[in-house]
Amino acid sequence: MGTYTMMEELLASPVDPLPIEKRMFQLEIMWQGLDNLQKSPKPTQDDWGVVADAINMMEALRDLGVVEDPDKALDEAKEAMGKAGIRSLGGENIRLNGPAITLIRGILQDYCDALEALPARTMIKAHRYAEKRFDEIVKGKKRTGDVSVK
C-alpha cells in the first residue's frame, strides 16, 4: 500500500498546500540528504533516496502536466543520480559531480516552490503517481528514461 490512498487524495484541499508540518518534514530531509551527498564522509543510501524521491516527485508533476521541463533537466538529474547509485554499488561513496549538484539543487528548489504553491490534492496525486511508477519499474515495466540502480 502506498503512502496515500485515493480517498486521502479526494479529501485533500483543492486549493491550499499540504500542511506546513508535512512540507517542512519533506524539505528538511531532502536538503539534508543533498548536503550529505555533497559533504558527508559517508553519504548513505537514505540520503540518495530522499533526493531521488524529490526528483521523482517533480517527474510525476511533469508527467501529470502540472510543471514543464523543456530543457530535460529531470532526465539529466535522474541520469546523474543513477550514476552515483551505481558507483556506490562498486564500493565508492555516493557522490555527485559539480554540474550534477548544481542541476539537482535547482530541481530541489523547484520542488520546494511546488510544495509551497500547489494544492495538497495535486501533491498527493503526484505522490501516488510516483509510487505507482516506482512499482512498475521494480516489476520491469520501464519506459524510456527510467533509471534503476540494482
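As a starting point, this report considers the structure included with it. (Residues numbered from 1 in each chain as written. Predicted model: local features only at pLDDT ≥ 70, side-chain atom pairs only at ≥ 80, totals over all residues. Heavy atoms only, no water.)

1. Focus: the side chain of Arg133
Considering the arrangement of structural elements, one finds Arg133 in helix H6 (residues 120-138). Side-chain polar atoms of Arg133 contact the side chain of Glu136, separated by 2.7 Å. (Helix = DSSP H or I, 4+ residues; strand = E, 2+ residues; numbered from the N terminus. Polar contact = N/O pair within 3.5 Å; in protein donor to acceptor, adjacent residues only side chain to side chain.)

2. Examining the nonpolar core
Core analysis: the biggest nonpolar cluster contains 38 residues, and Val51, Ile55, Met81, Leu96, Ile104, Tyr111 and Met123 have the highest contact counts within it. The set of elements that each furnish at least two residues to this core consists of helix H2 (20-39), helix H3 (45-63), helix H4 (73-89), helix H5 (98-117) and H6. Among the elements that line this core, the one with the most residues is H5, at nine residues. What Ile55 contacts, discounting residues up to four positions off in sequence, is Leu74, Ala77, Lys78, Met81, Ile104 and Ile107. (Core = buried A, V, L, I, M, F, W, Y, C linked by side-chain atoms within 4.5 Å. Buried < 20%, exposed > 50% of the residue type's maximum accessible area, 1.4 Å probe, protein only. Contact = heavy atoms within 4.5 Å.)

3. A few points about a nonpolar patch on the surface
Taken together, the side chains of Met6, Met7, Leu10 and Leu11 present a nonpolar region at the surface, about 450 Å² in accessible area. Tracing the chain through its elements places Leu10 in helix H1 (residues 6-11). (Patch = residues over 30% accessible without salt bridge, like charges linked within 9 Å, V, L, I, M, F, W, Y side chains within 5 Å. Areas by Shrake-Rupley, 256 points an atom, 1.4 Å probe, with all protein chains shown as cover. Salt bridge = Lys/Arg side-chain N within 4 Å of Asp/Glu carboxyl O.)

4. Observations regarding the packing of H3 against H4
Relative placement of two packed helices is described by the angle separating their axes and the distance separating the axes. Packing of H3 against H4 leaves a shortest axis separation of 10 Å and a crossing angle of 155°. For the element pair H3 / H4, the angle class is roughly antiparallel. Taken as a pair, H3 and H4 cross one another with a handedness that is left-handed. Contacts from Trp48, Val51, Ala52, Ile55, Met58, Glu59 and Arg62 of H3 reach H4 at Leu74, Asp75, Ala77, Lys78, Met81, Ala84 and Gly85. A per-class count over the contact of H3 with H4 returns nine nonpolar, one polar and four charged. (Axes fitted to C-alpha atoms, helices over the stretch in contact; angles between N-to-C directions. Parallel < 35°, antiparallel > 145°, perpendicular 65-115°, else oblique. Left-handed = near helix turned anticlockwise from the far one by under 90°. Nonpolar A, V, L, I, M, F, W, Y, C, P; charged D, E, K, R; others polar.)

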